Each structure stands twice: as C-alpha cells, then as structure tokens.
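Single-letter residue listing:
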Amino acid sequence: MTIQEVNNLSCMIIANAGDGKSSCMEALDYAEAGDWEAARQALTVADEAIVKAHEIHTKLLVEEARDPAALPMTMMLIHASNHLTAAEVSREFAERLLRMQAQKSGEEVK
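First, a word on what this report is: a plain description of the structure on this page. Residue positions within a chain follow its written sequence, with the count starting from 1. Since the coordinates come from a predicted model, pLDDT governs what is reported: local features require at least 70, and pairs of side-chain atoms require 80 or more to be given and counted, while whole-chain, interface and lining totals use all residues. Computation of side-chain values covers all heavy atoms of the structure but excludes hydrogens and water.

So, the pattern of salt bridges
So, point 1. Should a side-chain nitrogen of Lys or Arg be within 4 Å of a carboxyl oxygen of Asp or Glu, the pair is scored as a salt bridge. With the rule as written, the count across this model stands at 3 salt bridges.
So, point 2. Close ionic contact of Arg 99 with Glu 95 constitutes a salt bridge, the shortest N to O distance being 3.9 Å. Taken together, the positions of Arg 99 and Glu 95, both in helix H3 (residues 75–105) and 4 residues apart, correspond to about one turn of that helix.
So, point 3. Accessibility here uses a 1.4 Å probe with only protein chains present; expressed as a share of the type maximum, an area under 20% marks a residue as buried, one over 50% as exposed, and anything in between as partly exposed. Given a relative accessible area of 35%, Glu 95 falls into the partly exposed group. Each helix corresponds to a stretch of at least 4 residues labelled H or I by DSSP, and each strand to a stretch of at least 2 residues labelled E; elements are numbered beginning at the N terminus.

Written as structure tokens, this is what we have:
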C-alpha cells in the first residue's frame with residue numbers, strides 16, 4: 001500500500017469519526033432541549049459514522065498484521081486513529097449523559 005493510499009484511507013477515517021463525534025454533540029443538544037427522539041436518532045447516525053471509520057481502521061490493521069512492511073506508518077494515520085478514539089469515547093459519554101438526563105427528566109430510557 002502506498003503512502004498516498006494510506007493517507008486517503010486515513011482521511012476517510014477522520015471524516016467519518018468527525019461526523020460521528022458531531023452527531024454525538026447534536027444528540028446532547030437535542031436532549032438538553034428535551035427532544036429525546038431526535039437525540040436517539042442522532043446517536044444512531046453517530047453509530048453509523050463511527051462504524052464506517054472503524055471498518056476502515058480495521059482494514060488497515062489487518063493489512064499490517066498480514067505484512068508489517070506493507071503499511072507505511074504516517075502521521076495522518078496516527079491522527080486518524082486519534083480521531084477514531086475520540087469519536088468512540090464521545091459516543092460512550094453521550095449515551096451515558098443522555099441516560100442520566102433522561103432519568104433526571106423522568107423520560108423512559110431506551
């Protein structure tokens with residue numbers, strides 16, 4: 001795999017992870033406004049984006065496991081991994097905060 005290919009895949013990870021993290025923040029905004037259905041939908045959108053980023057990341061990990069020399073390590077890939085981690089943590093915190101806010105507001109927790 002060339003550096004350009006790794007960087008292109010890294011950009012896809014960054015874009016999807018960023019979309020996922022943004023959707024998590026939207027979910028919190030909706031919950032704060034009391035729109036629980038929109039909050040749940042935003043988390044679903046976040047899940048879809050984070051899964052896309054994770055699938056690309058996994059593809060790269062498998063490629064490296066097959067042949068460590070086949071995957072050039074780039075700062076872009078490291079940056080992408082950091083974005084994915086941030087998105088995954090944001091998703092976990094968003095879900096927990098929504099659950100806590102729902103319980104506090106007397107909403108049904110799903």
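Points about the packing of helix H1 (residues 3–32) against H3
Geometry of a packed helix pair, given as the angle between the helix axes and the separation of the axes.
So, point 1. Every axis in this analysis is a line fitted to C-alpha atoms, fitted for helices over the stretch in contact. Angles between the N-to-C directions lie between 0 and 180 degrees. Between H1 and H3, whose axes approach to 8 Å, the crossing angle comes to 20°. The angle between the axes of H1 and H3 places the two elements in the roughly parallel class. Of the two possible hands of crossing, H1 and H3 adopt the one that is left-handed.
So, point 2. For the contact of H1 with H3, a count of residues per class yields 18 nonpolar, 5 polar and 2 charged. Roughly parallel means an angle under 35 degrees; roughly antiparallel means over 145; roughly perpendicular covers 65 to 115; every other angle is labelled oblique. Crossing handedness: left-handed means the near helix sits turned counterclockwise from the far one by under a right angle, and right-handed means the same turn made clockwise. Each residue is assigned to one of three groups, with Ala, Val, Leu, Ile, Met, Phe, Trp, Tyr, Cys and Pro labelled nonpolar, Asp, Glu, Lys and Arg labelled charged, and all others, Gly among them, labelled polar.

Some points on H1
So, point 1. A helix is expected to reach a length of 1.5 Å times the quantity of its residues less one. Under the 1.5 Å per step criterion, the end-to-end length of H1 is 43 Å for 30 residues, consistent within 8% with the ideal 44 Å.
So, point 2. Phi turns positive one or two residues past the end of H1, at Gly 34, with a value near 85°.

Comments concerning the nonpolar core
So, point 1. Definition used in this section: a nonpolar core is a set of buried Ala, Val, Leu, Ile, Met, Phe, Trp, Tyr and Cys residues joined via side-chain atoms within 4.5 Å. In terms of nonpolar packing, the biggest core is built from 14 residues, with Ile 13, Ala 53, Leu 60, Leu 71, Leu 77 and Leu 84 touching the most fellow members.
So, point 2. Per-element tally for this core: the top contributor is H1, with 5 residues.
So, point 3. Contact criterion: two residues are considered in contact whenever any of their non-hydrogen atoms come within 4.5 Å of each other. In this view, Leu 84 contacts Ile 13, Ala 17, Ile 50, Ala 53, His 54 and His 57; residues no more than four positions away in its chain are not counted.

Notes on the packing of helix H2 (residues 36–66) against H3
So, point 1. Viewed as axis vectors pointing N to C, H2 and H3 meet at an angle of 155°, and their least axial separation amounts to 10 Å. Here H2 lies roughly antiparallel to H3, going by the angle between them. Once H2 is placed against H3, the crossing between them reads as left-handed. On H3, the residues touching Trp 36, Ala 39, Leu 43, Ala 46, Asp 47, Ile 50, Ala 53, His 54, His 57 and Leu 60 of H2 are Leu 77, Ser 81, Leu 84, Ala 87, Glu 88, Arg 91, Ala 94, Glu 95, Leu 98, Gln 101, Ala 102 and Ser 105.
So, point 2. Split by residue class, the contact of H2 with H3 holds 13 nonpolar, 5 polar and 4 charged.

Observations regarding the side chain of Ser 10
So, point 1. Mapped onto the elements, Ser 10 comes out in helix H1.
So, point 2. For Ser 10, the residues in contact, after removing those within four places along its chain, are Met 76, Leu 77 and Ala 80.

Some points on the side chain of Ser 23
So, point 1. Relative to the elements of secondary structure, Ser 23 occurs in helix H1.
So, point 2. Contact partners of Ser 23, with chain neighbours within four places excluded, come to Ala 42, Val 45 and Ala 46.

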